[in-house]
Amino acid sequence: MIRSELIQIIADENPHLYQRDVERIVNTLFEEIINAMASGDRVELRGFGAFSVKKRDARIGRNPRTGESVEVEEKYVPFFKTGKLLRDRLNGKAD
Amino acid sequence: MGSTTLTRMDLSEAVFREVGLSRNESAQLVESILQHMSDALVKGETVKISSFGTFSIREKAARVGRNPKTGEEVPIHPRRVLTFRPSYLMKDRVAAGNRG
């Protein structure tokens with residue numbers, strides 16, 4: 001499933017909405033999650049999963065081609081943890 | 001940073017502000033989007049949202065695990081796990097927003 005297919009499914013289920021509004025709704029949802037993480041916030045969607053930001057400490061890395069040491073600065077990366085309900089559904093436990 | 005946790009309600013509120021729908025309908029649409037994504041994943045499909053990220057299913061083989069407290073061996077059954085790979089845009093925005 002890709003973004004446009006998701007938009008199409010929601011549009012088909014909601015014939016009273018303009019397609020362009022459905023696009024805005026779907027885009028807003030994803031945009032809002034990125035905005036929250038960019039501010040260091042968590043987004044917890046019970047049953048689906050939680051998006052959070054993890055800190056990666058500075059470290060000495062190595063250029064794999066030359067073997068040269070390089071300093072890698074500390075950085076913040078996005079992280080997703082699957083929710084319990086979805087994890088159970090993936091393994092045929094719930095529904 | 002990291003002080004706030006957003007929930008479905010915050011996402012619904014954002015949808016409500018963006019499009020002229022009722023709060024109730026905004027909430028239902030947010031729920032419906034998450035539900036369809038979940039259903040696709042349960043069917044084993046990969047969900048690829050451009051400029052956001054990719055959710056995919058990985059099959060994990062059975063293995064023997066150990067209860068870390070008792071040292072007892074326990075069989076871990078084969079299972080399906082969900083992995084999320086953020087897009088470069090998400091990585092860049094998260095890195096830039098939390099810098100310094």
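Note that this is a predicted model, so its numbers are computed, not measured.

Go over the overall build of chain A, please, and point to the residues and values.
What chain A contains, in helices and strands, is three helices and five strands. Tracing chain A from N to C terminus, the helices and strands come up as α-α-β-β-β-β-β-α. Expected size for 95 residues packed as a compact globule is a radius of gyration near 12 Å; at 19 Å, chain A overshoots this value by more than 25%. With respect to the principal axes defined by its C-alpha atoms, chain A has extents near 60 × 35 × 30 Å. Looking at the 95 residues of chain A, the share that counts as buried comes to 44%.

Explain the pairing of strand 3 (residues 59-62) of chain A to me, and be specific about the residues and the numbers.
Of the pairings in the sheet, the one linking strand 3 of chain A to strand 4 (residues 69-72) of chain A comprises four bridges and is antiparallel in character. Bridging from a neighbouring strand, Arg 59 of chain A pairs with Val 72 of chain A of strand 4 of chain A.

I'd love a proper account of the interface of chain B and chain A, names of residues and values included.
Opposite the 53 residues of chain B that make contact, chain A presents 45 residues. For the pair chain B and chain A, the summed buried surface comes to about 4600 Å²; carbon and sulfur atoms form 67% of the total. Our count for the chain B to chain A interface comes out at three salt bridges. For Arg 93 of chain B, the salt bridge is made with Glu 31 of chain A, and the minimal N-O distance between the two is 3.0 Å. Here chain B and chain A share 22 residue pairs in polar contact (both at pLDDT 80 or more) between them. Listed by contribution, the elements that provide at least two residues to the side of chain B that touches chain A are strand 1 (5-6), helix 1 (8-18), helix 2 (23-42), strand 2 (47-49), strand 3 (53-60), strand 6 (79-86) and helix 3 (88-98) of chain B. When residues of the side of chain B that touches chain A are assigned to their parent elements, the largest contribution, 14 residues, is made by helix 2 of chain B. Partitioned by chemical class, the residues of the side of chain B that touches chain A number 28 nonpolar, 14 polar and eleven charged.

Tell me about the packing of helix 2 (residues 19-38) of chain A against helix 3 of chain B, and name the residues and values.
For the pair helix 2 of chain A and helix 3 of chain B, the least separation of the axes is 8 Å and the interaxial angle reads 35°. Along the contact surface, helix 2 of chain A presents Glu 31, Ile 34, Asn 35, Met 37 and Ala 38 of chain A, while helix 3 of chain B presents Leu 89, Met 90, Arg 93, Val 94, Gly 97 and Asn 98 of chain B. Looking at side-chain class alone, the contact of helix 2 of chain A with helix 3 of chain B contains six nonpolar, three polar and two charged residues.

Rules used in this analysis
Sequence order as written defines residue numbering, which begins from 1 separately in each chain. For this description, chains carry letters from A and ligands carry numbers from 1, given in the order in which they are written. At least 70 in pLDDT is required for a residue's local features to be given in this predicted model, at least 80 for side-chain atom pairs to be given and counted, and no such filter applies to totals for whole chains, interfaces and linings, which use all residues. Note: side-chain values were computed over all heavy atoms of the structure, leaving out hydrogens and water. Numbering goes from the N terminus for both helices and strands, where a helix is a DSSP run of H or I of at least four residues and a strand is a run of E of at least two. Here the globule rule reads 2.2 Å times residues to the power 0.38, and the radius of gyration is calculated from C-alpha atoms. Categorising residues by exposure relies on relative accessible area from a 1.4 Å probe, with only protein chains included: less than 20% of the type maximum marks a residue as buried, more than 50% marks it as exposed, and the intermediate range marks it as partly exposed. Any two strands are treated as partners once DSSP identifies two or more bridges connecting them. Contacts were defined at the residue level, with two residues in contact if any of their heavy atoms lie within 4.5 Å. Summed over both partners, the accessible surface that disappears when two parts come together, traced with a 1.4 Å probe, is what is meant by buried area. The term salt bridge refers to a pairing of a side-chain nitrogen on Lys or Arg with a carboxyl oxygen on Asp or Glu at a separation within 4 Å. Pairs of N or O atoms are called polar contacts if they sit within 3.5 Å, as long as, within protein, a hydrogen donor faces a hydrogen acceptor (for residues adjacent in sequence, only side-chain-to-side-chain pairs). Residue polarity is assigned by list, with Asp, Glu, Lys and Arg as charged and Ala, Val, Leu, Ile, Met, Phe, Trp, Tyr, Cys and Pro as nonpolar; anything else, Gly included, falls into the polar class. Between N-to-C directions, angles span 0 to 180 degrees; the directions come from axes that are lines fitted to C-alpha atoms, helices contributing only their stretch in contact.

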